[in-house]
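Understanding the architecture of this molecule
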Amino acid sequence: LLQSGQQGRLAGLKTLLLNVSRAVTRDVLITFSPKAGPSRLNTTEKGNTGKIYLPRGIFRSLSSQAVRVVVTVLNIQQLGMFKEVNQTAQVLDNTVVGITVGESSISGLQDPVQLTFTHRQLPRGVTPQCVFWDPSKGALSSGPSVRLGTGAVPVTHSCPPVPVAGQAGGWSSNGCVTQPGDKGTVCSCDHLTFFTLLLNPPLHGSTAKALMAVATTGCGIAMAFSIFTIAFCIFIRCRFRFEETIRINLGLHVNLVGSLFFLNLAFLLNSGLSGRTHPRTCRVLGGLTHYCLLCCFTWTALEGCQLYLLFVKVLGIYIHHYLAKLCLIGWGFPVFVVGVAGVIGSYGEYSIQTTDHQVIAHLCWITPKHLLVHYITNCGYFGLIFLFNMAIFGVVTQKSCSLQGTAAVQGHRKPWKVALVAAGLFCLLGATWALAFLTYGISSTPMLYLFTVLNSLQGIFIFIWLVVLYYPKTKETSGSLSYIIRHEKTTTASQD
């Protein structure tokens, strides 16, 4: 069913021609490598070369009894092709693989074509991505004008025609699924064209410096506003008479803002001292930074628990020395977690590298050997808190919006106040930290900027929110948190 193949070789260009019958009973398997090019692959053959799996369904859907399959392996560095304008990602081994079946374009395959690009274990933070060359992007590439197609390759009898590849275009991942692995990455695509594997670096040196400058400036400003917020909460708690629930809320806010203050301070110390400290000092600094982060997460969770008691339970809740017990949890639980992590030696120097292993930043943090500690205590812990707090956020927002439609508040409706309550609670419940889960992959740079700016300025947002909502007014509006709490208590009492 498979007739003998022909191979063609030029500098930077290697091709394989196969004539495949429409009645083929098994998938077509081809191996390729940057040096040897494409070749036939037996079903029992094993090796570290790249592999191409062409499903037999491709050939059965064709009208002709036999079809020509052309597989091309190109070295884009030698040919000066497939260079996207302002491209930051690196092409694996400078290798692009082109596949055509017959003379027509094939797309929308139910059984995708699979290409396995072999590689060593990638540097930490580098993201592989399966892409194809999309001529419709229209980005002109640099280099000599070399075209691949009938009559475009220098005429030789040993080199058959290969697919057309224009100079205009750019890389796209539409229709391709990436399955990364330690020794290779599998690309499953629903069409045939020119494919490669892009290696997206975690950060560039200039980006890392810019992020550090933004974070340092933002943390300094946030620390100042954290002090203002704490002073403001203490002032109105002592100056004005509030019911016990509001006083507890203010105490919670003071502790949350205090944890943010210590987290910003720890980050400034970390970024200023890391790389120039003794290893033992670096371990202490890494543990301190981790402790402050966990305190911030824990107080965020306690804010959500307090809102749950206020808006779901509403009545019948009294805990002796409630705020003191919350402080024991908020400041004490992270001590236990950091203590266990410190005993197993989780803290030390952590470096951020580019694809060529160039170190662009040093931090005292959880070492790469103990990344499981990071995934459990930071990602997992915050993930659970985020899910719980977002459920509480939905309940509070729904109740706040429903109050705007009741007859009791029709006379002084202020939608902007409700929006401000929602935005403040969104920030108070730590939702901005969830952006960290979006800082992976090719869209990581804009997400990193957004994550850095929003979280470094979180103290400012909370300060503005507290001033607007908690400072006593001559007439309490329906959007204020205290009004919503009191209304909920009154409604629940009347129902009981």
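Model, not experiment: these values are computed from the prediction.

Looking only at helices and strands, the chain has 11 helices and 16 strands in total. Burial analysis of the chain (496 residues in total) assigns 47% to the buried set. Counting only contacts in the chain whose residues sit at least 6 apart along the sequence, the fraction spanning at least 24 positions is 75%. Just so you have it, the chain exposes about 24,200 Å², and 61% of that area is on carbon and sulfur atoms.

The next subject is a nonpolar patch on the surface. A contiguous nonpolar patch, built from F262, L265, L269, L273 and L288 and spanning about 390 Å² of accessible area, is present on the exposed surface. Considering each element in turn, the nonpolar patch owes the most residues, 4 residues, to helix α4 (residues 244–273). Among the structural elements, L269 can be located in helix α4. Under the relative-accessibility criterion, L269 is labelled partly exposed at 36%.

Side chains of a nonpolar character, in soluble globular proteins, are inclined to be buried together. Ranked by size, the top nonpolar core spans 55 residues in total, and within it W433, I462 and Y470 carry the most contacts. For this core, the element with the highest residue contribution is helix α5 (residues 279–313), accounting for 14 residues. Among the nonpolar cores identified, the runner-up in size contains 35 residues, and V24, L54, V126 and C187 belong to it.

Once that is clear, we can look at the sheet that holds strand β5 (residues 50–54). Taken in spatial order, the 6 strands of this open sheet run β4-β3-β5-β9-β13-β12, and their pairing is antiparallel. Looking along the sheet, the strands with just one partner apiece sit at the ends: β4 (37–40) and β12 (176–180). Each adjacent strand pair in this sheet contributes to an overall mean axis angle of 20 degrees, direction not counted. Across 5 bridges, strand β3 (residues 28–33) lies against β5 in antiparallel orientation. Each residue of the ladder has a partner; that of T31, found in β5, is K51.

Let us now look at the packing of aromatic side chains. Counted under the stated rule, the structure contains 17 aromatic pairs. On the numbers, 5.2 Å between centres and 85 degrees between planes, the contact of F82 with W133 is edge-to-face. Of this pair, F82 sits in the loop between α2 (76–79) and β7 (90–91) while W133 is found in strand β10 (residues 127–134), placing the two residues 51 residues apart along the sequence. Ring plane angle 75 degrees and centroid distance 5.6 Å describe the contact between F225 and F228, whose orientation is recorded as edge-to-face. Of this pair, F225 and F228 both sit in helix α3 (residues 205–239), separated by 3 residues, roughly a single helical turn. On the accessibility criterion, F225 (24% relative accessible area) is partly exposed. Aromatic ring contacts, followed pair by pair, group F297, F382, F386, W433 and F451 into a single cluster.

A few words now on the pairing of strand β9 (residues 113–118). Pairing between β5 and β9: 3 bridges, direction antiparallel. Bridging from a neighbouring strand, Y53 pairs with Q114 of β9. Here β9 pairs with strand β13 (residues 184–189) via 6 bridges, running antiparallel. Across the sheet, L115 pairs through a bridge with C187, a residue of β13.

Moving on to the pairing of β4. Judged from the 4 bridges that link them, β3 and β4 form a sheet pairing that is antiparallel. From the neighbouring strand, F32 faces β4, where its bridge partner is P38.

Once that is clear, we can look at the state of the cysteines. Tallied over the full model, the rule gives 3 disulfides. Disulfide partner of C130: C187, at an S-S distance of 1.9 Å. Its S-S torsion of about -80 degrees marks the bond between C130 and C187 as left-handed, since a negative value means left-handed. Of this pair, C130 sits in strand β10 while C187 sits in strand β13, placing them 57 residues apart in sequence. Like C187, C130 is buried. Here the chain pairs its bonded cysteines, counted in sequence order, in the arrangement 1-3, 2-4, 5-6.

On to helix α6 (residues 322–343). The first and last C-alpha atoms of α6 sit 32 Å apart over 22 residues, in line with the 32 Å expected at 1.5 Å per residue. At G332, α6 shows its strongest bend, of approximately 30 degrees, with the proline P334 following within four residues. Of the positions making up α6, those classed as buried are Y322, L326, G330, P334, V337, V338 and A341. Where α6 terminates, the next one or two residues include G345, which has phi positive at roughly 75 degrees.

So, on to the confidence of the model for the chain. Confidence along the chain averages 78 in pLDDT terms, with 75% of residues attaining 70 or more. Element-level mean pLDDT values for the chain span from 51 in helix α11 (residues 481–495) up to 95 in α6. Counting contacts from residues 1–5, a segment whose pLDDT is below 50, to residues more than four positions away or on other chains yields 17 contacts. A low-confidence stretch, residues 407–411 stays under pLDDT 50, and its non-local contacts, those more than four residues away or across chains, total 6 contacts.

Below, the discussion takes up the pattern of salt bridges. By the definition in use, this model includes 2 salt bridges. Ionic pairing is found between D27 and R56, a salt bridge with its closest N-O pair at 3.4 Å. Placement of the pair is D27 in the loop between β2 (13–21) and β3 and R56 in the loop between β5 and α1 (57–60), with a sequence separation of 29 residues. Here D27 falls in the partly exposed class, since its relative accessible area comes to 32%. R56 gets classed as partly exposed once you look at its relative accessible area, which sits at 32%. Measuring nitrogen to oxygen at the nearest pair gives 3.0 Å for the salt bridge that ties R68 to E103. One end of the pair, R68, is in strand β6 (residues 66–75); the other, E103, is in the loop between β8 (95–101) and β9, with 35 residues separating them in the sequence. With relative accessibility at 29%, the residue R68 sits in the partly exposed group.

Reading the values: rules and limits
- Residues numbered from 1 in each chain as written.
- Predicted model: local features only at pLDDT ≥ 70, side-chain atom pairs only at ≥ 80, totals over all residues.
- Heavy atoms only, no water.
- Helix = DSSP H or I, 4+ residues; strand = E, 2+ residues; numbered from the N terminus.
- Buried < 20%, exposed > 50% of the residue type's maximum accessible area, 1.4 Å probe, protein only.
- Contact = heavy atoms within 4.5 Å.
- Areas by Shrake-Rupley, 256 points an atom, 1.4 Å probe, with all protein chains shown as cover.
- Patch = residues over 30% accessible without salt bridge, like charges linked within 9 Å, V, L, I, M, F, W, Y side chains within 5 Å.
- Salt bridge = Lys/Arg side-chain N within 4 Å of Asp/Glu carboxyl O.
- Core = buried A, V, L, I, M, F, W, Y, C linked by side-chain atoms within 4.5 Å.
- Pairing = 2+ DSSP bridges.
- Axes fitted to C-alpha atoms, helices over the stretch in contact; angles between N-to-C directions.
- Phe/Tyr/Trp six-rings, centres within 6.5 Å; stacked < 30°, edge-to-face > 60°.
- Disulfide = S-S within 2.5 Å.
- Expected span 1.5 Å × (residues − 1).
- Bend = angle between axes of the 7 residues up to and from the residue.
- pLDDT = per-residue confidence, 0-100.

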